Amino acid sequence: AAAPDASEANEIESVRYPRVLLMTPPWVDEEARRRHIQSSLAAERAAPDAHQPSDSGQRTESDRMCARTRQYAAACRRVAAQIRPRDRVLLLDLFTQIEQLPPTERSGLFIDGLHLSDRGQRFVYDAILELIAREAPELSPSSLGQFAIPWCDINPVRPQEQLAVYDQQRWW
């Protein structure tokens, strides 16, 4: 049998995965990352951990570059544009959304310039819900119904029977 061409492969994938959510990486605050690395190294030098080998050769510059992350975000956008059928992919461009925020608001989203703080995680969660509400309202939490099997529906003597019924149902 001949290998499927690209359009056939994409159609096969869309049947296997009814919806795909692609997210670009978030913007990187290089200055905050650099400060975090320098303060971590200073703290390590002040109170070395006997269990951690000393690495005096560690760099003090940021280990993540915003320019590189921007390229990765652009690649994510290109991939999202190539997936067919187009209505099967949702793209959350975190990089652009965070980059466009005022600097004071942006800085509160990270604990170290790279990893999201509680506020940053909430920002991503809210952005996902907004994207779903706008582009795939049928996937909103209130539209999904119950996915867990009510414990009272499970026969404790033969649980596999009831579990098989739920396993046969498609939830998407």
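See above for the structure.
Chains are numbered independently. Their residues run from 1 in the order of the written sequence. Reporting in this predicted model follows two pLDDT cut-offs: at least 70 for local features of residues, and 80 or more for side-chain atom pairs to be given and counted; totals over whole chains, interfaces and linings ignore these cut-offs and use all residues. By convention in this description, side-chain values take in all heavy atoms of the structure and omit both hydrogens and water.

## A short note on the side chain of arginine 106
Only DSSP runs of H or I covering at least 4 residues are called helices, and only runs of E covering at least 2 are called strands; the numbering of each starts at the N terminus. Relative to the helices and strands, arginine 106 resides in helix α5 (residues 103-107). Relative accessibility decides the category of a residue: with a 1.4 Å probe and only protein chains considered, values under 20% of the type maximum give buried, values over 50% give exposed, and everything between is partly exposed. Here Asp and Glu are counted as negative and Lys and Arg as positive; His is not counted, and neither are the chain ends. The working definition used for a salt bridge is a side-chain nitrogen of Lys or Arg within 4 Å of a carboxyl oxygen of Asp or Glu. Buried charge without a partner: arginine 106 forms no salt bridge, and the closest opposite charge is aspartate 29, 6.1 Å away. Reaching out from arginine 106, the side chain makes a polar contact with the backbone oxygen of glutamate 99 at a distance of 2.7 Å. Contact between two residues is taken to exist if any of their heavy atoms lie within 4.5 Å; hydrogens are not considered. For arginine 106, the contacting residues outside a window of four places in its chain are Trp27, Ile98, Glu99 and Leu101. Pairing of N or O atoms within 3.5 Å defines a polar contact, subject to two protein rules: one partner must be a possible hydrogen donor and the other a possible acceptor, and residues neighboring in sequence count only if both atoms are side-chain atoms.

## As for the environment of leucine 163
Tracing the chain through its elements places leucine 163 in helix α8 (residues 159-168). Distance from leucine 163 to isoleucine 149, taken between C-alpha atoms, is 8.0 Å for residues 14 residues apart in sequence. Not counting the four nearest positions on each side in its chain, leucine 163 is found in contact with Ile149 and Ile154.

## Here we look at the pattern of salt bridges
As enumerated under the stated definition, the model contains 8 salt bridges in all. Across the pair arginine 19 and glutamate 138 runs a salt bridge, and its minimum N-O distance is 2.6 Å. One end of the pair, arginine 19, is in the loop between α1 (6-16) and β1 (20-23); the other, glutamate 138, is in the loop between α6 (118-135) and α7 (141-144), and 119 residues separate them in sequence. Under the relative-accessibility criterion, arginine 19 is labelled partly exposed at 28%. Looking at glutamate 138, the relative accessible area reads 42%, which means it is partly exposed. Close ionic contact of arginine 122 with aspartate 126 constitutes a salt bridge, the shortest N to O distance being 3.2 Å. Residue arginine 122 and its partner aspartate 126 are located together in helix α6, separated by 4 residues, close to a single helical turn. Salt bridges here are not isolated pairs; linked through shared partners, they connect Glu31, Arg34 and Arg35.

Just distances and angles here, no functional claims.
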